[in-house]
Amino acid sequence: MAPQAAPVQGLAPLQQGGQQQVSDATGRGLAAPQLTSAPLAGPQGRALAAAQAARALENDTPPDEPSEVDDEARTGPSGKTSPLHIGWHAISRKTLRRVTVAPSAGAGLVLGRDRQHAPVPLHLFAPEPVRIALVGGVWAAQLLIFRAFALGARVVVVTTEPRAWAGFGERATGQYNRLTVHSSDQGVALTGSAQMPTLAVYDLGMTGPATTPPLGPWRTQLTILRQLDRPGLAALQESQLALLQRLGGDEAALAASALKLRPHSSQFLQFMADDMLALIGDGTDRYLFLGQTQTEQQFVGLPRR
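(A) Broad picture of the confidence of the model for the protein. Summing up the model confidence of the protein, the mean pLDDT is 78 and the portion of residues at 70 or higher is 67%. Note that residues 1-41 has pLDDT below 50 and, in this model, six contacts with residues that lie over four places away or in other chains. Note on residues 56-69: pLDDT under 50 across the span, and nine contacts to partners over four residues away in sequence or across chains.

(B) Spotlight on the layout of surface pockets. Of the voids in this model, the largest pocket is the one considered here, and its volume is about 290 Å³. In this structure, the largest pocket is lined by 17 residues; those nearest its centre are L122, H123, Q240, L241 and D282. Per-element tally for the lining of the largest pocket: the top contributor is strand β2 (residues 119-125), with four residues. Grouping the amino acids of the lining of the largest pocket by side-chain chemistry returns ten nonpolar, four polar and three charged. Of the voids in this model, the second largest pocket is the one considered here, and its volume is about 180 Å³. In terms of lining, the second largest pocket is formed by 13 residues, of which the most central are G208, P209, Q221, A235 and E238. Of all the elements in the fold, those that place two or more residues in the lining of the second largest pocket are β7 (219-225) and α8 (233-238). No other element matches α8, which puts three residues into the lining of the second largest pocket.

(C) How the structure looks around the nonpolar core. If you look at the biggest cluster of nonpolar residues, it comprises 38 residues, and the most contacted ones within it are L111, I145, W165 and V201. When residues no more than four places from it in sequence are discounted, the contact partners of L111 are V120, P121, L122, L144, R147, L243, L277, L288 and L290. Residues V135, L228, L236 and L269 belong to the second largest nonpolar core, which totals 22 residues.

Definitions and cut-offs
- Residues numbered from 1 in each chain as written.
- Predicted model: local features only at pLDDT ≥ 70, side-chain atom pairs only at ≥ 80, totals over all residues.
- Heavy atoms only, no water.
- pLDDT = per-residue confidence, 0-100.
- Contact = heavy atoms within 4.5 Å.
- 1 Å grid on protein atoms, 1.4 Å probe; cavity = no way out; pocket = protein on both sides within 12 Å on 5 of 7 lines; lining within 4 Å.
- Points joined across faces, edges and corners; volume = space filled by probe spheres on them.
- Helix = DSSP H or I, 4+ residues; strand = E, 2+ residues; numbered from the N terminus.
- Nonpolar A, V, L, I, M, F, W, Y, C, P; charged D, E, K, R; others polar.
- Core = buried A, V, L, I, M, F, W, Y, C linked by side-chain atoms within 4.5 Å.
- Buried < 20%, exposed > 50% of the residue type's maximum accessible area, 1.4 Å probe, protein only.

Written as structure tokens, this is what we have:
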């Protein structure tokens, strides 16, 4: 007796669903051809496969000269790259001619944040010489130098108190030649480049250097005035930027007169917190919090003047 054919599962629901379901099933079957792992037979099959691969490679390569289409057509209304161009990126010659390179504005660092929590940058190094005066202590100067090391700076310190600077450069950078300490500026070579700018620091107490040292591109002079008095007014007025820690009453009056500050600025200079600085220059005065990190506290110490 011949075995009975097994019923075909899923046939009954199709029959019960009527002609529309049969048509949908047929459409799905046509839309999804079956894959086969059978090898191509004979030389003709291999030649056909090679031709298909060559066409695919040709289609996947960006054209030498993109057709003249506008940017919206290339990227779509949303500004996103068309999915058809995911494998490569092309730009028209017309668009390429609009690409320009802006000149460098100099190397800058974030000095701190103002009372609106906006970052306050300081362009410490530039293609032209920069002169800065700091009325404050060694702590603020070393914090500034610590951040300058991240820009690749080399620092030369001329000081009457070498003990305050002993070992600072080695601790901060792990190198012995990134910061050198001198008792005078005789024979100190001040050369700098965009890759390794130079910061010349003059820590001479209450005055600046006796003569104006020659500066050049990527060379910045930082004059530290431990206390502001009349002998230091010349260094303060000759600087392009002034950084002020909290000042005493007499110091604030001298600074306000020399820098032509507004009356309320003179008062605020006397009540700033230990971790604050006033940045005076370019016709504006800004008061900022330095935002010292734990690493900076480790190498520079807590805020003080």
